[in-house]
Amino acid sequence: MKERAKVAVLISGRGSNMAALVYAAKADDCPYEIILVASNDPAAPGLQLAEAEGIDTFAHPHKGLNRAEHDQIMHEAVTKTGAEYIALAGYMRILSDEFVSKWRDHMLNIHPSLLPKYKGLNTYQRALDSGDTHAGCSVHLVTPELDDGPVLAQTAVAILSDDTADLLAERVLIAEHQLYSTTLAKYVTREMDPNWILAEVRKRALALEETYERCSFGAPGWRVGSEKTGKYFAYFSHRHFGETGTSLFVKTSGLDEQSALLDADPDLYFAPKFYGKSGWIAIRLDTGRTDWGHIADCLKKSWRMVAPRRLTRMLDIADEF
């Protein structure tokens, strides 16, 4: 099994969602582990539970500090543990843009509504007042705007005719405990999911000028130039072309460059069976640690090798500025 992702949880109170994550992580096949529970309130009851479960804790009050100062203290406490992700679980602090940017795409939150409905507080009463048939909860990525990040998953909870805000909150909390752990597990393993990987490659390939996607032997490929007569500069392989695993094929300048790449990092690169003799290189995408900036650069370089001169000239001019 791949090494578990390291997760820090931030709380401000009893930490019931934190507890749900902790207990889910006890399963042998859980892909994450909780390595820190931190709070802006040293008296938060959830800290005691975390300590009893053998998890490191940290607390620092926010009173007397501006938002950026307190966020920096929390950031340093989290990074010292080696955490790769942060899960907000009832952390009642609005985070600074600086903190959010440091954990971009690596910080999740659970919110007690079916976003984009009812951002902020008093979500249960607002759902009742609106006459909704369902309330619910959402797990989303954290962005600078409150409760506005991409939604990863939701669970709807039926509203009963005699519901009060408190009764509804009790049922939504049950849904939260189940949704958060399963969504976090799926998210930390996303870079092993061929569909997610393909979407990331596709986004970067199609960002290049006059690029079109077209399958080749059942595998997605990208061509530049005319949609009918363009030339391929990349292929996505998930067990295609007689290969195992998930990888991206891109062009090199020739066999010398291909050989140099293979020698430099044989764990990342390999010569594809069908295209290796033509100087193409395969880049492994299912290691769980893909450098997507490098992938974008490789796609761009491969695109340049076959793109019409008018397009490369335009790109050269743009790069000058």
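A brief structural summary. (Residues numbered from 1 in each chain as written. Predicted model: local features only at pLDDT ≥ 70, side-chain atom pairs only at ≥ 80, totals over all residues. Heavy atoms only, no water.)

A separate point is the sheet that holds strand β2 (residues 32–39). Hydrogen bonds between backbone groups are what pair the strands of a sheet, and the pairing can be parallel or antiparallel. Pairing within the open sheet is mixed, and its seven strands lie in the order β3-β2-β1-β4-β5-β6-β7. Among the strands making up the open sheet, the edge pair consists of β3 (56–59) and β7 (151–158). With direction set aside, neighbouring strand axes in the sheet form an average angle of 20°. Summarising the sheet, strand β5 (residues 107–111) and strand β6 (residues 134–141) pair through four bridges and their orientation is antiparallel. Each bridged residue has a counterpart across the sheet, and for Leu108 the counterpart in β6 is Leu141. Packing against the sheet, helix α2 (residues 45–52) makes contact with β1 (5–11), β2 and β3, and its axis sits at approximately 155° to β3. In the packing of helix α3 (residues 67–80) onto the sheet, contacts are made with β1, β2, β3 and β4 (85–88), and the angle to β2 comes to roughly 150°. (Pairing = 2+ DSSP bridges. Helix = DSSP H or I, 4+ residues; strand = E, 2+ residues; numbered from the N terminus. Axes fitted to C-alpha atoms, helices over the stretch in contact; angles between N-to-C directions. Contact = heavy atoms within 4.5 Å.)

What follows covers the environment of Gln258. With respect to the helices, strands and loops of the structure, Gln258 is situated in helix α8 (residues 255–264). Classification of Gln258 by relative accessible area gives buried; the value is 7%. Those residues in contact with Gln258 that lie beyond four places of it in its chain are Thr252, Ala271, Gly276, Gly279, Trp280 and Ile281. At 2.6 Å, the side chain of Gln258 forms a polar contact with the backbone oxygen of Trp280. (Buried < 20%, exposed > 50% of the residue type's maximum accessible area, 1.4 Å probe, protein only. Polar contact = N/O pair within 3.5 Å; in protein donor to acceptor, adjacent residues only side chain to side chain.)

Attention now moves to helix α9 (residues 292–306). The terminal C-alpha atoms of α9 lie 22 Å apart, and with 15 residues this matches the ideal 21 Å at 1.5 Å per residue to within 8%. For α9, the full list of buried residues reads Trp292, Ile295, Cys298, Leu299, Ser302, Trp303 and Val306. When α9 is viewed along its axis, its buried side chains cluster within an angular range of 135° and face the same direction. The N-cap residue of α9 is Asp291: its side-chain oxygen and the backbone nitrogen of Gly293 are 3.1 Å apart. (Expected span 1.5 Å × (residues − 1). Arc of directions from axis to C-beta.)

Following Leu115, the chain continues to Pro116 via a peptide bond in cis, the omega torsion being 15°. For Asn122, which is not a glycine, the phi torsion comes out positive at approximately 55°. Take Asn122: it is sitting in the loop between β5 and α5 (123–129). The class of Asn122 is exposed, set by a relative accessible area of 60%. In the Ramachandran plot, Phe241 falls in the positive-phi region, its phi being about 55° despite a non-glycine side chain. Examined against the element boundaries, Phe241 turns out to sit in the loop between β10 (231–238) and β11 (246–250). Residue classification places Phe241 among the buried positions, given a relative accessible area of 6%.

So, about the sheet that holds strand β13 (residues 281–284). In spatial order, the strands read β8-β9-β10-β11-β13-β12; together these six strands make up an open sheet with antiparallel pairing. Two strands close off the open sheet at either side, each with one partner strand: β8 (211–213) and β12 (269–270). Across five bridges, the pairing between β10 and β11 is antiparallel. Bridge pairing in β11 places Ser237 opposite Ser247.

Core analysis: the largest hydrophobic core is formed by 39 residues, its most contacted members being Val9, Tyr32, Ile34 and Val37. Looking at which element gives the most residues to this core, the answer is helix α6 (residues 165–188), with nine residues. The contacts of Tyr32, once residues within four sequence positions are left out, are Arg4, Ala5, Val7, Leu21, Ala24, Ala25, Ser181, Leu184, Ala185 and Val188. Within the second largest apolar cluster, 24 residues are counted, among which are Ala234, Phe236, Val250 and Leu299. (Core = buried A, V, L, I, M, F, W, Y, C linked by side-chain atoms within 4.5 Å.)

Let us now look at the packing of helix α1 (residues 16–24) against α6. α6 packs onto α1 with a crossing angle of 45° between their chain directions and a minimal axis gap of 9 Å. Compared by their axis directions, α1 and α6 come out oblique. For the crossing formed where α1 meets α6, the hand is right-handed. In contact with Ser16, Asn17, Ala20, Leu21 and Ala24 of α1, α6 contributes Leu173, Glu176, His177, Tyr180, Ser181 and Leu184. For the contact of α1 with α6, the residue count by class is six nonpolar, four polar and one charged. (Parallel < 35°, antiparallel > 145°, perpendicular 65-115°, else oblique. Left-handed = near helix turned anticlockwise from the far one by under 90°. Nonpolar A, V, L, I, M, F, W, Y, C, P; charged D, E, K, R; others polar.)

If you trace the backbone, His75 turns up in helix α3. Among the residues examined, His75 registers a relative accessible area of 14% and is labelled buried. Those residues in contact with His75, other than ones at most four positions away along the chain, are Phe99, Lys102 and Trp103.

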